[in-house]
Amino acid sequence: MSFVTKNILNEAQHGFREGKSTETATHAFLENIQKATEKKIYLIGIFFDLSKAYDGLDHKILLFKLDAYGIRGHVNQWFKSYLCNRKQYVEKKLYGKY
């Protein structure tokens, strides 16, 4: 994780980092809005829903890029094992009467 944090992730990345979370990301975002507003700078926001972003991801390309970033050997094989021949779904359980 140390390698990824130092060499791959941008400082603005809040996910997957120790001491950072959606709360710190929201705080930084609001702080930037406040600073721009105080300086009377025009603001624009563009938001993306990335919930399906990785549905069409080519696993071979991902594994190649992980290798290029130094994630090789057993760890790369673990990713390959995780990505191959798997299916995921969400099951909604209802409790009580509606």
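As a reminder, the structure under discussion sits directly above these lines.
If you're wondering where the values come from, they're calculated on a predicted model, not measured in any experiment.

**Student:** Please clarify how helix α3 (residues 59-68) should be interpreted in this entry.
**Tutor:** One turn of the α-helix equals 3.6 residues, which is why residues spaced by three or four share an orientation. Structurally, the start of α3 carries an N-cap: the backbone nitrogen of K60 is 2.9 Å from a side-chain oxygen of D58. Two residues or fewer past α3, G70 is found with a positive phi of approximately 100°.

**Student:** Looking at this model, I keep getting lost on the packing of α3 against helix α4 (residues 73-83). Mind explaining?
**Tutor:** Each pair of packed helices can be summarised by the angle the axes make with each other and by the distance between the axes. Contact pair α3 / α4: the axes reach a minimum separation of 10 Å and the direction vectors enclose 165°. Here α3 lies roughly antiparallel to α4, going by the angle between them. For α3 against α4, the interelement crossing comes out right-handed. Together, H59, L62, L63, L66 and D67 of α3 and N76, F79, K80 and L83 of α4 make up the contact between the two elements. The residue inventory of the contact of α3 with α4, partitioned by class, reads five nonpolar, two polar and two charged.

**Student:** I keep staring at a nonpolar patch on the surface and nothing clicks. Help me out?
**Tutor:** A surface patch of nonpolar side chains, amounting to about 510 Å² of accessible area, comprises F29, L30, I33, L43 and F47. When you line up the elements, I33 lands in helix α2 (residues 22-38). Residue I33 is classed as partly exposed on the basis of its relative accessible area of 30%.

Procedures and definitions
- Residues numbered from 1 in each chain as written.
- Predicted model: local features only at pLDDT ≥ 70, side-chain atom pairs only at ≥ 80, totals over all residues.
- Heavy atoms only, no water.
- Polar contact = N/O pair within 3.5 Å; in protein donor to acceptor, adjacent residues only side chain to side chain.
- Helix = DSSP H or I, 4+ residues; strand = E, 2+ residues; numbered from the N terminus.
- Axes fitted to C-alpha atoms, helices over the stretch in contact; angles between N-to-C directions.
- Parallel < 35°, antiparallel > 145°, perpendicular 65-115°, else oblique.
- Left-handed = near helix turned anticlockwise from the far one by under 90°.
- Contact = heavy atoms within 4.5 Å.
- Nonpolar A, V, L, I, M, F, W, Y, C, P; charged D, E, K, R; others polar.
- Patch = residues over 30% accessible without salt bridge, like charges linked within 9 Å, V, L, I, M, F, W, Y side chains within 5 Å.
- Areas by Shrake-Rupley, 256 points an atom, 1.4 Å probe, with all protein chains shown as cover.
- Salt bridge = Lys/Arg side-chain N within 4 Å of Asp/Glu carboxyl O.
- Buried < 20%, exposed > 50% of the residue type's maximum accessible area, 1.4 Å probe, protein only.

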